[in-house]
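What follows is the residue order along each chain.
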Protein chains: 2
Amino acid sequence: MQRPYSQVIDRLKQVGLRPTRQRMALAKLLFDAGDHHFSAEQLHNQASGAGIRVSLATVYNTLHQFTKAGILREIIVSSGRSYFDTNTSDHHHFFFEDSHRLLDIDAKDITITKLPKLPEGTLLERVDVVIRVSDNPKS
Amino acid sequence: MQRPYSQVIDRLKQVGLRPTRQRMALAKLLFDAGDHHFSAEQLHNQASGAGIRVSLATVYNTLHQFTKAGILREIIVSSGRSYFDTNTSDHHHFFFEDSHRLLDIDAKDITITKLPKLPEGTLLERVDVVIRVSDNPKS
DNA sequence: CAATAGTTTAGAATATTTCTAAACAACGTT
DNA sequence: AACGTTGTTTAGAAATATTCTAAACTATTG
Ligand SMILES: [Mn+2]
Ligand SMILES: [Mn+2]
Ligand SMILES: [Zn+2]
Ligand SMILES: [Zn+2]
């Protein structure tokens, strides 16, 4: 209970966030598991299930703080709900339109050889590739 | 007032939608103008401004019907709000994160030479490339 | 024109996210 | 260890976008 937390404490301090009870608990849930995609509501439910009392507002605050700090990434594939990703490396996604599930595509599995030049006065933030798929009814 | 409508009437009939007053008016607003991106609320306001009385529910119904019929396309770049596109050809987008504006990128200006194979039992719906840009503060 | 099926509508409902402002906790300083 | 400061958490309300409901309306066919 003491040692495992030292990692998340260090990580939070590194990005300039106070290691509060709620942030540590959420960070532990998020970063002890492998790479995954989730919504705010899902994380809130997961926390509740693990006996961690944290408000939904704090979950949202934390997700945005972590995203800004670069230890989480937000993925937009569905209007009406935001998804977050513990995998912050350069990669892309399959999006299953029926189940609303996301699946990583390694950056090396998509090659873009030609990109347009950016509009005047803009900075590149990110190039997102989303491959939208549906269930094949005859399979 | 009679002739211009024949085009939208034909177009609606072609895709199996009754040419109702509201659908004709919205189709005219949408397809007489050049390619553009817009939200439901924007179209509703534009209709009101043009003296067309149509409920927001009908605007949403119509946008979804047109999208399903393939004469509009929905673009997801921002959680919390859907955008639609009168350009249904194969193309991609710049998304200006500060102003929430979209700009078309012709399919020929992006070349993807390598794509992963689709997961088992899925059908490809679309490959969306979104180049997210922000305002360059020092320009 | 009557019958039918499809459409429109206002308003309520839903869903997700953000806001508010008061209570609380982390942490550097005494 | 207590203090003061600042940052954080919280419940609940509010904001936002979209969908639902079911009654009124209209296009189409016969
Ligand atoms: Mn959905
Ligand atoms: Mn936004
Ligand atoms: Zn991912
Ligand atoms: Zn477009």
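Only a predicted model underlies this, so the values are computations on that prediction, with no experimental measurement involved.

## Some remarks on the coordination of the zinc ion (ligand 3)
All names here are of chain A.
So, step 1. For the zinc ion (ligand 3), every protein donor is listed as His 37 (NE2), Asp 85 (OD), His 91 (NE2), His 93 (NE2) and Asp 104 (OD), and the spread of their distances is 1.9 to 2.2 Å.
So, step 2. For the zinc ion (ligand 3), all donor residues lie on one chain, and their spacing in sequence is H-x47-D-x5-H-x1-H-x10-D. His 93 matches His 91 in its accessibility class, with the two residues each being buried.

## Observations concerning the sheet that holds strand β4 (residues 91-96) of chain A
So, step 1. Read across the open sheet, the 6 strands follow the order β5(A)-β4(A)-β7(A)-β7(B)-β4(B)-β5(B); overall the sheet is mixed. Unpaired on one side and paired on the other, β5 (101-106) of chain A together with β5 (101-106) of chain B mark the two borders of the sheet. Within this sheet the neighbouring strands show an average axis-to-axis angle of 30 degrees, counted without direction.
So, step 2. As paired strands, strand β4 (residues 91-96) of chain B and strand β7 (residues 122-135) of chain B are joined by 4 bridges and run parallel to one another. Pairing of B:His93 across the sheet is with B:Val130, part of β7(B).

## So, the coordination of the zinc ion (ligand 4)
So, step 1. B:His37 (NE2), B:Asp85 (OD), B:His91 (NE2), B:His93 (NE2) and B:Asp104 (OD) make up the full set of protein donors to the zinc ion (ligand 4), lying at 1.9 to 2.2 Å.
So, step 2. Relative accessible area serves as the criterion here: at 3%, B:His91 is assigned to the buried category.

## A closer look at the interface of chain B and chain A
So, step 1. Facing 43 residues of chain B, the contacting portion of chain A comprises 43 residues.
So, step 2. Summing the contributions of chain B and of chain A, the shared interface buries around 3400 Å²; its carbon and sulfur component is 59%.
So, step 3. The largest share of the area that chain B buries against chain A comes from B:Ile76, B:Lys114 and B:Arg132, three residues that together contribute 17% of it.
So, step 4. The partner of B:Asp128 in a salt bridge is A:Arg132, and the shortest N-O contact between them spans 2.9 Å.

## Details of the domain arrangement of chain A
Residues and elements named next belong to chain A.
So, step 1. Here the domain parsing of chain A yields domain 1 (6-75) and domain 2 (90-133).
So, step 2. Relative placement of domain 1 and domain 2: their C-alpha centres are 24 Å apart.
So, step 3. Taken together, the 4 residues of domain 1 in the interface contact 7 residues of domain 2.
So, step 4. By the criterion of area lost to domain 2, the three top residues of domain 1 are His 37, Arg 73 and Ile 75, representing 88% of everything that side buries.

## With respect to the pairing of β4(B)
All names here are of chain B.
So, step 1. For β4, the buried fraction is high: 6 of the 6 residues fall into the buried class.
So, step 2. Across the two faces of β4 the burial is the same, with His 91, His 93 and Phe 95 and His 92, Phe 94 and Phe 96 all buried.
So, step 3. In the sheet, β4 pairs with β5 via 6 bridges, with the strands oriented antiparallel. In the strand pairing of β5, Phe 96 is matched with Arg 101.
So, step 4. Count of turn residues in the β4/β5 antiparallel hairpin: 4 residues, of which His 100 carries a positive phi of about 60 degrees.

## Let's talk about the protein's contact with DNA strand D
So, step 1. In the vicinity of DNA strand D lie 20 residues, with A:Thr20, A:Arg23, B:Tyr60, B:Gly80 and B:Arg81 positioned nearest.
So, step 2. Considering the 4 Å shell around the protein, atoms of DNA strand D inside it are sugar or phosphate in 83% of instances.
So, step 3. In this structure, a phosphate oxygen belonging to DNA strand D sits 2.9 Å away from a main-chain N or O atom of A:Ser55.
So, step 4. The backbone of B:Ser82 places a nitrogen or oxygen atom 2.7 Å from a phosphate oxygen of DNA strand D.
So, step 5. Counting residues per element, the ones that place at least two in the surface near DNA strand D are α2 (21-32) and α4 (56-69) of chain A together with α4 (56-69) of chain B.

## Structural notes on the layout of surface pockets
So, step 1. The calculated volume of the largest pocket comes to roughly 370 Å³.
So, step 2. Considering the residues around the largest pocket, the lining is formed by 16 residues, among which A:Glu74, A:Ile76, A:Arg126, B:Glu97 and B:Arg132 are closest to the centre.
So, step 3. Elements supplying a minimum of two residues to the lining of the largest pocket: α4, β2 (73-75) and β7 (122-135) of chain A together with β7 of chain B.
So, step 4. Partitioned by chemical class, the residues of the lining of the largest pocket number 3 nonpolar, 5 polar and 8 charged.
So, step 5. The space that makes up the second largest pocket amounts to roughly 310 Å³.
So, step 6. Forming the boundary of the second largest pocket are 17 residues, of which A:Glu97, A:Arg132, B:Thr67, B:Glu74 and B:Arg126 lie nearest the centre.
So, step 7. For the lining of the second largest pocket, the elements supplying multiple residues, two or more each, are α4, β2 (73-75) and β7 of chain B.
So, step 8. Of the residues contributing to the lining of the second largest pocket, the split by class is 4 nonpolar, 6 polar and 7 charged.

Here is what the cut-offs are and how they apply
- Residues numbered from 1 in each chain as written.
- Chains lettered and ligands numbered in written order.
- Predicted model: local features only at pLDDT ≥ 70, side-chain atom pairs only at ≥ 80, totals over all residues.
- Heavy atoms only, no water.
- Donors = N, O, S within 2.8 Å, 3.2 Å for Na, K, Ca; no water.
- Buried < 20%, exposed > 50% of the residue type's maximum accessible area, 1.4 Å probe, protein only.
- Pairing = 2+ DSSP bridges.
- Helix = DSSP H or I, 4+ residues; strand = E, 2+ residues; numbered from the N terminus.
- Axes fitted to C-alpha atoms, helices over the stretch in contact; angles between N-to-C directions.
- Contact = heavy atoms within 4.5 Å.
- Buried area = accessible area lost by both parts, 1.4 Å probe.
- Salt bridge = Lys/Arg side-chain N within 4 Å of Asp/Glu carboxyl O.
- Domains from an automatic or database assignment.
- Near = heavy atom within 4 Å.
- Polar contact = N/O pair within 3.5 Å; in protein donor to acceptor, adjacent residues only side chain to side chain.
- 1 Å grid on protein atoms, 1.4 Å probe; cavity = no way out; pocket = protein on both sides within 12 Å on 5 of 7 lines; lining within 4 Å.
- Points joined across faces, edges and corners; volume = space filled by probe spheres on them.
- Nonpolar A, V, L, I, M, F, W, Y, C, P; charged D, E, K, R; others polar.

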